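Here's the letter readout for the chains.
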Amino acid sequence: MEKTIPGREDNKKSTDCSIAEDNKAVLQFIEEVTTNVDEVQKRVLAEILSRNANVEYLQRHNLNGHTDRETFKKVIPVITYEDIQPDINRIANGDKSPILCSQPISEFFTSSGTSGGERKLMPIIEEDFGRRSQLYNLMISVVSQSFPDLEKGKGMYFMFVKSEAKTPGGLLARPALTSIFKRPHFLNLNHTSPIETILCLDSYQSMYSQMLCGLCQNKEVLHVGAVFASAFIRAMRFLEKHWSLLCNDIRTGTINAQITDPAVREAVMKILKPDPELADFIEAECSKSSWQGIVTRLWPNTKYVDVVVTGTMSQYISTLEYYSSSLPLVSTTYASSECSFGINLNPLCKPSEVSYTLIPTMGYFEFLPIHRINNEVKDSISMSESQNEKEQQQLVDLVDVKIGQEYELVVTTYSGLYRYRVGDVLRVAGYKNNAPQFTFICRENVILSIDSDKTDEVELQNAVKNAASVLIPFDAHVTDYTSYADTSTIPGHYVVFLELRVNSSTPISPSVFENCCLSIEESLNSVYRQGRASDKSIGPLEIRIVEIGTFDKLMDYCISLGASINQYKTPRCVKLTPLIELLNSRVVSSHFSQTCPNWIPGHKQWNNMN
């Protein structure tokens, strides 16, 4: 690109003057690119296509070196992950020829979306990290307009890495944030958590040591957060359970013996000093009957909570508000494993009003119009049997979206994705100059999510079918089912309501239902199973057996709310409180999974190669 995004130097501390200059330059950049949106988008597409003109994928589709938008839209198909999975597998297996991208693929980001129960592999080139860093710099400058002088204190962020693997061809495959946390520039961010505590794979030791460091530096903390709202709430619940041990460490200047990682212990000891006065203060606050406002009580200089509260994370807003009192809840950035997209230019808006302005230099963006039938998302491509030229033309460019309309985001990236359907449903909320601003609505087809997991209706149906087979020897059959994500516990967990027809008079043992729970968990995707078995970010799945006739009552209630009796079908996930209350009022027994489902890092096919 001709224009680069200004940003701070990572390897030196900026003066107040240089910070002001950086902020001014960044804000000017935002003004320019949001004013000249279409020009920038054309230039981005031309640059992507010209540098990748000779890659196998574009040659296969007869682009023939063209870099104009019209030819690109005419010959390059709109795709999903399954369409390029054979190409991804070739790269993963060691093929270094320019298949998708002219530049070498440096690693794969593993997407939290799944394909065949496994994380998707997104190709990444080295310069992608520069773009992600640039978007971060944009976000910092925007946030600093609402919260000045953040550089004079620290951020307390609870950040965790996940396991990484190597493909058969030797490329790293890991979540985007794990990769970013391990890069050198991340060391220079002014956070309370030493990098050793973040990189510790033991979830208990990582959480404990990060919380301990955050408490030790409580007066310096100006902003707190985590990537997802669920992770921050999990940290507060952890503190609620372990504050006594943490106070003892602060009082004595020693670390609890359960923290055995040598690197973690060494890093924490550089911060931890005996401080009986601070320990007494924390103990007094944590001993009170109410934990309302605990964030501002323990970290009194905190200005805001930085967490994602859009999409499925909105279910945590009330809990966040309870813990943080009146602090603003700020959702800053919109990004995925595929690409960085945009930022929230109004950090002080209400959580329900968060919208993101897509930065047109990040990639080339198109939008597939979404239509709702009976409140179900339908798109113009999946409704048709073929993806003909007319359907391709139904996608609109960034400057052509309409206020109030919903779209699925389609992206072309510098690292080898072309007209790739991201799966995010967005609604146009407004404009910044000529750049539309989008509210994140949901992930397409996802019905259950606690943390980074995403479970769709088909996956849940197959899982319940497998659980039902466990009941057949006991002459019991599942007549209907539904589910919901219960976030009243931390970590949250899936709840599956089952209505049974039992032909035998012999009671079914609780252990049988516990086996049904495990059967469902074993049937869910690797992201869910990792959250249960390794990250501990998801609690044990629960089955609630309901009285016979419960789903008839559910239908009656939905019809009373206006649903058509002719078109009614049982919702496979319920979110309305009255529906959940109705189901819970008819529960006759409740059962939890007693063991964690099986999970190992990497893809199954890689682990089966040896």
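Residues numbered from 1 in each chain as written. Predicted model: local features only at pLDDT ≥ 70, side-chain atom pairs only at ≥ 80, totals over all residues. Heavy atoms only, no water.

S.K.: What exactly am I supposed to notice about the packing of helix H19 (residues 550-560) against helix H20 (residues 577-584) here?
M.R.: The axes of two packed helices give the description: the angle between them and the distance between them. Remark: H19 packs on H20, axes separated minimally by 10 Å, with the N-to-C direction vectors making an angle of 155 degrees. Of the possible angle classes, the one that applies to H19 and H20 is roughly antiparallel. Handedness of the H19/H20 crossing: right-handed. Seen from H19, the contacting residues are Thr-550, Lys-553, Leu-554, Tyr-557 and Cys-558; seen from H20, they are Pro-578, Leu-579, Leu-582 and Leu-583. Residues belonging to the contact of H19 with H20 are distributed by class as follows: 7 nonpolar, 1 polar and 1 charged. (Axes fitted to C-alpha atoms, helices over the stretch in contact; angles between N-to-C directions. Helix = DSSP H or I, 4+ residues; strand = E, 2+ residues; numbered from the N terminus. Parallel < 35°, antiparallel > 145°, perpendicular 65-115°, else oblique. Left-handed = near helix turned anticlockwise from the far one by under 90°. Contact = heavy atoms within 4.5 Å. Nonpolar A, V, L, I, M, F, W, Y, C, P; charged D, E, K, R; others polar.)

S.K.: Explain the sheet that holds strand S20 (residues 476-486) here, please?
M.R.: Through backbone hydrogen bonds, the strands of a sheet pair up, either in parallel or in antiparallel fashion. With mixed pairing, 4 strands are arranged side by side in an open sheet as S20-S21-S22-S23. Across the chains shown, the open sheet's two edge strands, defined by having one partner strand only, are S20 and strand S23 (587-592). Strand-to-strand, the axes of this sheet are offset by a mean angle of 25 degrees, without reference to chain direction. Here 10 bridges tie S20 to strand S21 (residues 493-502), and the two strands are oriented antiparallel to one another. What sits directly across from Val-478, in S21, is Leu-500. (Pairing = 2+ DSSP bridges.)

S.K.: Is there a simple way to think about the nonpolar core in this case?
M.R.: Nonpolar side chains in soluble globular proteins generally cluster together in the buried interior. Judged by nonpolar contacts, the single largest core of 82 residues is most densely connected at Phe-108, Phe-341, Leu-358, Phe-365, Phe-367, Leu-409 and Tyr-420. Those residues in contact with Phe-365 that sit more than four places away from it in its chain are Gln-41, Cys-339, Ser-340, Phe-341, Leu-358, Ile-359, Pro-360, Asp-397, Leu-398, Leu-409, Val-410 and Val-411. One finds Ala-229, Phe-232, Val-305 and Leu-329 within the second-largest nonpolar core, a separate group that totals 77 residues. (Core = buried A, V, L, I, M, F, W, Y, C linked by side-chain atoms within 4.5 Å. Buried < 20%, exposed > 50% of the residue type's maximum accessible area, 1.4 Å probe, protein only.)

S.K.: Could you clarify how one ought to interpret the environment of Trp-299 in this entry?
M.R.: Its place among the elements puts Trp-299 in the loop between helix H13 (294-298) and strand S7 (304-308). Sequence-wise, Trp-299 and Met-156 are 143 residues apart; in three dimensions their C-alpha atoms are separated by 9.5 Å. Filtering out sequence-adjacent residues up to four positions away, Trp-299 remains in contact with Met-156, Met-211, Gly-214, Leu-215, Asn-218, Val-221, Met-236, Leu-239 and Ile-294.

Note that all results are geometric; they support no functional claim without further evidence.
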